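Spelled out from the first residue to the last, the chains are:
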Amino acid sequence: MHRFSKLIIGLAALFMLVSASGVVFAADEIHWTILGQDSIGFDWRGADGSVGEQTIQWGTSPGTYTFSALGAVPNPWPDSSAGPFWEAALTGLSPDTTYYYTIGNSTESTFRTPPAPGTSDFWFSQQADVGAGVSGQYPLAADVQDDIAADNASVPGDDRPRFLLLSGDISYADDKGITAVDNHFNMVMRWSRWAAYMVAWGNHDNGGTDGRDEYEGRFIFPNPQDSPNAPADGGPGEEWYWFDYGNVRFISYPEPYSGAWADWNTRAGPIMAAAQSDPNITFIVTWGHRPPYSSGLDHGSDTTIQGILNGFKAQYSKYVLNISGHSHHYERSIPAQTSGVLYVTGGGGGGTLGGLQASPP
């Protein structure tokens, strides 16, 4: 965790879903993304196909929902379970405002829009190489989610994150079976109902039993960008993206498909240049799956992305931090030895930990 210094659609009736045994079912797999200063993107799975479970309601006071929207069918459509899956972009929101919301028969939770440009003093969290938190699907991942959701008593104030960056390898369903996808998105509801979930793809988020449609169909990204030779089963233009939060510009980087990093190098440069000249931006941060520097025995340094990022630092002084995963351990670089950028590897989200080389890179 790092601290930086610094539709409206007519209200639909909701229906309680009760089984013959009296058990009430509710929407699950609820999570959301930051789309802009005044917009948020929600994704969820309905308990059934009713209009009630397709509806999200929100307002600025507990229990009072001034607005509502119907979720749309996502493209691509996830098929890890029967669904139904829905997503909705909430627009016209007030900046730096806490909203209360419900989806279908789910309990009330909150989301908070980004602060004003240039604002500092906020927390975010990061994890990578996660899993689903159940037996046979990296059960220790559940403990990590509890840690993310907790307000650490030894840290003054509320240190719960406003959002989480995931540096790739979401559920490992390609290894652990397709049920890991739904299990993962229910596991992260420990925090994903009130903190935004901002992901970058990893090598385990493609093909196999969990094609990219399982993930791209579950997120709405801000400023989405495509990459050459991306997986055909994903949606168009969602290989990487960028967003601003307070005084920081965050830019993800894609997986190294043929030509993808060269393309990213060309197109991310102007985004960094704009941040460099923006007085509201103090820091530029990148995040992705492959580690530029790593002491891991499982995955070592990737000199290609290392060279690209160090080249950006030579041009843009506001570029200060890169966060990655892939190698299953935690370490951070000495910026004086890594061209002035702090490189953090945070691959301890729940997957089996990897060993370290005898000598650092």
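Conventions used here
- Residues numbered from 1 in each chain as written.
- Predicted model: local features only at pLDDT ≥ 70, side-chain atom pairs only at ≥ 80, totals over all residues.
- Heavy atoms only, no water.
- Buried < 20%, exposed > 50% of the residue type's maximum accessible area, 1.4 Å probe, protein only.
- Helix = DSSP H or I, 4+ residues; strand = E, 2+ residues; numbered from the N terminus.
- Pairing = 2+ DSSP bridges.
- Right-handed = clockwise from strand over helix to strand, strands pointing away.
- Axes fitted to C-alpha atoms, helices over the stretch in contact; angles between N-to-C directions.
- Contact = heavy atoms within 4.5 Å.
- 1 Å grid on protein atoms, 1.4 Å probe; cavity = no way out; pocket = protein on both sides within 12 Å on 5 of 7 lines; lining within 4 Å.
- Points joined across faces, edges and corners; volume = space filled by probe spheres on them.
- Parallel < 35°, antiparallel > 145°, perpendicular 65-115°, else oblique.
- Left-handed = near helix turned anticlockwise from the far one by under 90°.
- Nonpolar A, V, L, I, M, F, W, Y, C, P; charged D, E, K, R; others polar.
- Polar contact = N/O pair within 3.5 Å; in protein donor to acceptor, adjacent residues only side chain to side chain.
- pLDDT = per-residue confidence, 0-100.

### Quick notes on the pairing of strand β12 (residues 163-167)
For step 1, the next point in the chain: Counting buried residues in β12 gives five out of five residues, a clear majority hidden from the surface.
For step 2, the next point in the chain: Every second residue of β12 is oriented toward a common face, with F163, L165 and S167 on one face and L164 and L166 on the other, all of them buried.
For step 3, the next point in the chain: Here strand β11 (residues 122-127) runs beside β12; their pairing, made up of four bridges, is parallel. Counted as the bridge partner of Q126 is L165 from β12.
For step 4, the next point in the chain: On the question of chirality, the crossover connecting β11 to the parallel β12 by way of helix α1 (residues 141-149) is right-handed.
For step 5, the next point in the chain: Both β12 and strand β13 (residues 196-200) contribute to a ladder of five bridges, which runs parallel. When the sheet's bridge partners are listed, L166 is paired in β13 with V199.

### Side note on the sheet that holds strand β8 (residues 85-90)
For step 1, the next point in the chain: Pairing in this open sheet of three strands is antiparallel, and the strands run β4-β5-β8 from one edge to the other. The open sheet is flanked by β4 (28-36) and β8, the only strands paired with a single partner. Neighbour-to-neighbour, the strand axes of this sheet turn through a mean angle of 15 degrees, independent of strand direction.
For step 2, the next point in the chain: Along the sheet, helix α3 (residues 179-187) makes contact with β4, β5 (39-45) and β8, crossing β4 at roughly 70 degrees.

### Let's talk about empty space enclosed by the protein
For step 1, the next point in the chain: Estimates place the volume of the largest cavity at around 40 Å³.
For step 2, the next point in the chain: Around the largest cavity, the lining residues are E29, H31, D43, W44, R45, P74, F85, W86, G217 and R218.
For step 3, the next point in the chain: The set of elements that each furnish at least two residues to the lining of the largest cavity consists of β4, β5 and β8.
For step 4, the next point in the chain: Examining the composition of the lining of the largest cavity, we find that three residues originate from one element, β5, more than from any other.

### Things to note about the packing of helix α5 (residues 260-276) against helix α6 (residues 303-315)
For step 1, the next point in the chain: Contact pair α5 / α6: the axes reach a minimum separation of 11 Å and the direction vectors enclose 20 degrees. By the angle between their directions, the pair α5 and α6 is classed as roughly parallel. Crossing hand, α5 versus α6: right-handed. Where α5 approaches α6, its residues W261, W264, N265, A268, G269 and M272 are matched on the opposing element by T304, I305, I308, L309 and F312.
For step 2, the next point in the chain: Each residue belonging to the contact of α5 with α6 can be placed in one class, and the counts come to eight nonpolar, three polar and no charged.

### Remarks on the side chain of T33
For step 1, the next point in the chain: Structurally, the position occupied by T33 is in strand β4.
For step 2, the next point in the chain: At 2.5 Å, the side chain of T33 forms a polar contact with the backbone oxygen of I220.
For step 3, the next point in the chain: Those residues in contact with T33, other than ones at most four positions away along the chain, are I40, G41, A196, Y197, M198, F219 and I220.

### Overview of the confidence of the model for the chain
For step 1, the next point in the chain: With 92% of its residues at a pLDDT of 70 or more, the chain has an overall mean of 91.
For step 2, the next point in the chain: With pLDDT under 50 throughout, residues 1-22 is counted as low confidence; its partners more than four residues away or in other chains account for 65 contacts.

### Side note on unusual backbone geometry
For step 1, the next point in the chain: The residue after N75, namely P76, is reached through a cis peptide bond having omega 5 degrees.
For step 2, the next point in the chain: Along the chain, P76 falls in the loop between β7 (67-70) and β8.
For step 3, the next point in the chain: Cis geometry is found at the peptide bond from G83 to P84, where omega equals 0 degrees.
For step 4, the next point in the chain: One can find P84 in the loop between β7 and β8.

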